[in-house]
Amino acid sequence: MRLSRLRRPRTAAYTLAALLALAFADSVFRIPVQVSDSLDVIVESAKAPSATRLFIEASGGSDSTLRPMRYIQARGLLAVANTTGLSYNAVFRGAHAAIIMLLLLAFVACVRIDGWLDVAALAFCLTVLTGLHTFGAVTREAFPVNHYAEVALVSMVAFAVARRRPRWTSQALVLLLLAWCLLLIESAVLIWVVIVMCAALRMPGIRWRTAVVATLMLVAYAGGRQALEITSPGIGSRGSGWGGVYYSGDDLRDRFSANPLPLFAYNTAGGLLTVLFSEPRFGVYELLRPDRAEGPSPVVPINISASALVTTALVVYVVMLLRRRREGLRPDDPSVIVGVVVIAVSAGLCLTYIKDEIVSTAGTFYALAAFAPIRAMLGRATGGPTRLALLIAAYFLVAAPLWAFRTVGTHFELRRTAYYSRNDWAGLLPPGRRESWPSDPIALAITSRLKSEALQRRTISPRFLPRWGDRYWVE
Amino acid sequence: MRTFPSWIASAPAMALALASLWMTVAAALGGGLWPADEVTLSEAVATRNAAEASRLIALGADPNRATPVRPDFLIGRAVTVTPLEAAVWARDQYVMTVLLESGALPGPDEMRVLRCLNETQPDANVRATLQALSDAPWPVCDDVTLPGDSAQ
């Protein structure tokens, strides 16, 4: 690439995102394949005699989830590892790292970059995306590839496709990815929300017939679940917070099964607030925790302040958008409208429990929705009254470093995750207790290989990380 | 028209992008932000790094041999301890179990030291593991010299 092209705003925007993505891909790649949520899936995928059989068995394997593609995907990645001779870790973790890189690049494709003010606004919003706790949810865990990251990526791709001129190939790709993701994780319903919203807003790249086909696919999916007698996870299927306390699934069932409405209302509100204000986390409001002896750690006010600044800008923009609704939409308005709807629907998905993963796509769209107000503020500051320019400068002098700080915190958490994930392998296949090893040869071979690869993947111990990091970055 | 310094909004992200480039390139060369630490077997145990302990044992480190541990890992000064002593000191039953299943075998003298160390660094899970390891009665610790005794 010629150096002069870097001077073009759009090229600079993609370069910026690529550089940020590179470090995140590295941090994600350092995490070994996890024992929890990953090992069993990989082993089961390898043991099935065929992909068809695996699909059928995985489709009927649970009475509350329909996620056969989790296994098909794992089988595919195993085949890649076996064909190429690459390590399992390289393939599975490489896939996750690639998704994270694509997510950041897709984010750039979702915004309008015409000038340097757009690049400045994008730079800020990229730190909102990567600093928000929901980004940790798409980077830390894997099952064995993070499905929530896949949903967030496909949602972004759908929006990016909608912004461009219509092409049947792009729309077919979006529909194909929707079908894939619906059979991967239930949160994929958010992709459908994005498609329908884009069509409703008459964005050029998504036609109504695409939205209709997407809706028919969703209906077929819901019908399939019903036919297989798959219900939605109910109260008690997982633990979640209430006020300042985290309750186990059994505790929640005891407290709320007779009258679930307060829990539903609490979780829906929490699902909104966690994206907009970084609190609660898993339903627990840190400031309300009764076991807090030392007072709130700095991470809580840092996170709340950073989020409150962006949410305030977003709310002001939405109010102004409503006031000028008769004038028609401006180019950046759809990202705000779709973002707000995705955040609202995502909150509804938190009905029975809240976790960062469920709201991760909403977190991505929160950062995207922030672009329009941030860009508008930069525009108003240029050429506006001096007092307003000073106010906006003060806003960014506080908000921009806060979000950059949170972004570094995401790397900090990823290092800790790498350590804990690697440590989990140490207790498996104990050399002095062979009777505890799996008797199945495939399970033993895969576990042994994954353990060996994980141990070779050296990570930093939290003892060597800055001690203040726990207080400023870990909640 | 006045120009607003938009770099105020983007400067932290730009700095992060440059830092990211450094992190990635330096990581490929073994450095970068928060690279993997170099430790002895006892240090790996003292920092509760069971995976690193397993790796070092697999590479030939003796799980029964005392090795140095840097200041502030266990106490304020450097000490030389066996991996099991480091595990008891760190009150970590998990890494202790990993060591025992990887060839660590305390003799009667070492067992006395481990149990007395558990008295000064109490942990119920570690104590249960130490009790299960030997039928010998729990020792009286007055005359047992512990590693790093002078500093405690």
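Please refer to the structure higher up on the page.
Here the structure is a predicted model, which is why all the values come from computation and not from measurement. Per-chain numbering applies: the sequence of each chain, read as written, is numbered from 1 onward. As a convention, the first chain written is A and the first ligand written is 1, with the rest following in written order. Given that the model is predicted, a residue must reach a pLDDT of at least 70 before its local features are reported, and side-chain atom pairs must reach 80 or more before they are shown or counted; all residues, however, enter totals for whole chains, interfaces and linings. Water and hydrogen atoms play no part in the side-chain values, which are based on all heavy atoms of the structure.

Caption draft 1: Spatial organisation of the interface of chain B and chain A. At the interface, 41 residues of chain B touch 56 residues of chain A. Here the buried area means the combined drop in accessible surface, using a 1.4 Å probe, for two parts upon being joined, counting both sides. Carbon and sulfur atoms make up 65% of the surface buried where chain B meets chain A, a total of about 4100 Å² over both sides. Put simply, a salt bridge is a Lys or Arg side-chain nitrogen that is within 4 Å of an Asp or Glu carboxyl oxygen. Taken together, the links from chain B to chain A amount to four salt bridges. Two residues, E101 of chain B and R433 of chain A, come together in a salt bridge whose shortest N-O distance is 2.7 Å. By the criterion applied in these results, polar contacts are pairs of N or O atoms within 3.5 Å in which, for protein atoms, one can donate a hydrogen and the other can accept it, and in which residues neighboring in sequence qualify only through two side-chain atoms. Along the contact surface separating chain B from chain A lie 18 residue pairs in polar contact (both at pLDDT 80 or more). Elements are defined by DSSP. Helices are runs of H or I of four residues or more, strands are runs of E of two residues or more, and each kind is numbered from the N terminus. Broken down by secondary-structure element, the contributors of at least two residues to the side of chain B that touches chain A are α1 (7-28), α3 (50-58) and α5 (93-100) of chain B. Top contributing element to the side of chain B that touches chain A by residue count: α1 of chain B, with 13 residues. Residue classes in the side of chain B that touches chain A are distributed as 22 nonpolar, 10 polar and nine charged. Contacts: residue pairs with any heavy atoms within 4.5 Å of one another. When residues are grouped by polarity, Ala, Val, Leu, Ile, Met, Phe, Trp, Tyr, Cys and Pro land in nonpolar, Asp, Glu, Lys and Arg in charged, and all others, Gly among them, in polar.

Caption draft 2: Looking closely at the state of the cysteines. In plain terms, two cysteine sulfur atoms within 2.5 Å form what is called a disulfide here. Inspection of the entire model under this criterion finds one disulfide over all chains. Note that C116 of chain B is cross-linked by a disulfide to C141 of chain B, the S-S spacing being 2.1 Å. An S-S torsion of about -90° defines the bridge between C116 of chain B and C141 of chain B as left-handed. With C116 of chain B in helix α6 (residues 108-120) and C141 of chain B in the segment after α7 (124-133), this residue pair connects regions lying 25 residues apart in the sequence. Only protein chains enter the calculation, and the probe is 1.4 Å; a residue is then buried if its accessible area is under 20% of its type maximum, exposed if over 50%, and partly exposed in between. Using a relative accessible area of 1% as the deciding quantity, one classes C116 of chain B as buried. The thiol sulfur of C125 of chain A is not disulfide-bonded, and the nearest other cysteine sulfur, from C110 of chain A, lies at 12 Å.

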